[in-house]
Amino acid sequence: MSEKDVLAQRFEEHRTHLRAVAYRMLGSLSEAEDAVQEAWIKLSRSDADAVDNLGGWLTTVVGRVCLDMLRSRTTRREDPLHDQDGQVRLPDPVVSRADGLDPEQEVLLADSVGIALMVVLETLSPAERLSFVLHDMFAVPFDEIAPVLGRTPVTTRQLASRARRRVQGGAPAPDTDPTRLREVVDAFLAAARGGEFEALVAILDPEVVARSDGGALLPSLLRRGATEVASQAITFARFAEAGHPVLVNGTPGVVSVSQGRPLSVMAFTVVDGKITALDILTDPERLARIDLSAIVG
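Given the structure is predicted, the values throughout are model-derived calculations rather than measurements.

Basis of the calculations
Residues numbered from 1 in each chain as written. Predicted model: local features only at pLDDT ≥ 70, side-chain atom pairs only at ≥ 80, totals over all residues. Heavy atoms only, no water. Core = buried A, V, L, I, M, F, W, Y, C linked by side-chain atoms within 4.5 Å. Buried < 20%, exposed > 50% of the residue type's maximum accessible area, 1.4 Å probe, protein only. Helix = DSSP H or I, 4+ residues; strand = E, 2+ residues; numbered from the N terminus. Contact = heavy atoms within 4.5 Å. Polar contact = N/O pair within 3.5 Å; in protein donor to acceptor, adjacent residues only side chain to side chain. Pairing = 2+ DSSP bridges.

**Looking at the nonpolar core**
Then step 1. Core analysis: the largest hydrophobic core is formed by 49 residues, its most contacted members being F11, L43, L121 and L130.
Then step 2. Within the residue set of this core, elements represented by two or more residues are α1 (3-12), α2 (15-26), α3 (29-44), α4 (54-76), α6 (115-122), α7 (126-137), α8 (142-149) and α9 (153-170).
Then step 3. Considering every element that reaches this core, the biggest residue donor is α4, with 8 residues.
Then step 4. With residues near it in sequence (within four places) discarded, L130 still touches M25, G63, L67, H135, I145, V148 and L149.

In structure tokens:
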């Protein structure tokens, strides 16, 4: 085996972890793959023998690549994660079978990385996001993150602290019991299918937020409050009618399918038994990338 083959093998041992880092940083599965590939290119051009901790080195390299990508979005004013009205668009969902994640998805979604949390991460500045993701989610020391940002460790710690407060305020810890979560989702679907307005209001948090991302071809909608969201759910009951149970970012969700093609992916955030956030992806372009063959029987 050549030295390059050995290096490639060592890199592959870290690929899944690096995808997890990049996904949290970028909210895009395709861009995460690009960032990981860029890390491989940088490694192949470096003196790997001089690297004591390859995993740590690669993590910070991916962080730097992602930071550059986030900053480039801002510079070009073409941030694909915001619509024309400035509303936060939804990150790519990770959709899997209702009966569980495969091992690679488990690594990708460790630490309960739900859609609601990813939406909050999109609101952070690039520097805040890097500091929070690397330190709070992957335990990278601040003195290793600081050089990536060109900041001092003290400033980096402050960035992470500010990000942490925003995350805790914007994405409260959700319920985690999968059986109970599925019951809540099924109750929502049953009420939507039956046009039962009062039943919908009862299962929604009074301050519930519903976000619908239709991409470039369909309007992106933002709804707030149980009454408004319940009315919208009844209006779009066709999605509920075609719904199949799945996991969306590791928690019970729904994919609506017509003639073998996904119409929407619905992610639910449940806190204290009430739905606090409903995130619906209806963007045809991104939905077309979802392979349903192993998801919907």
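**A few points about the side chain of E122**
Then step 1. With respect to the helices and strands, the residue E122 is situated in helix α6.
Then step 2. Polar contacts involving the side chain of E122 include one to the side chain of R129, which spans 2.8 Å.

**So, the pairing of strand β6 (residues 261-271)**
Then step 1. With respect to burial, β6 is a largely interior element, 9 of its 11 residues being buried.
Then step 2. Where β6 meets strand β7 (residues 274-281), 7 bridges bridge the pair, whose relative direction is antiparallel. If you follow A267 over to β7, its bridge partner there is D279.

**Re the pairing of strand β4 (residues 243-248)**
Then step 1. Pairing geometry for strand β1 (residues 95-97) and β4, over 3 bridges, is antiparallel. Bridge pairing in β4 places S96 opposite L247.
Then step 2. Pairing geometry for β4 and strand β5 (residues 251-258), over 6 bridges, is antiparallel. Along β5, the bridge assignment pairs L247 with P252.

**Digging into the environment of D68**
Then step 1. Tracing the backbone shows D68 in helix α4.
Then step 2. Placed 58 residues apart in sequence, D68 and P126 show a C-alpha to C-alpha distance of 8.6 Å.

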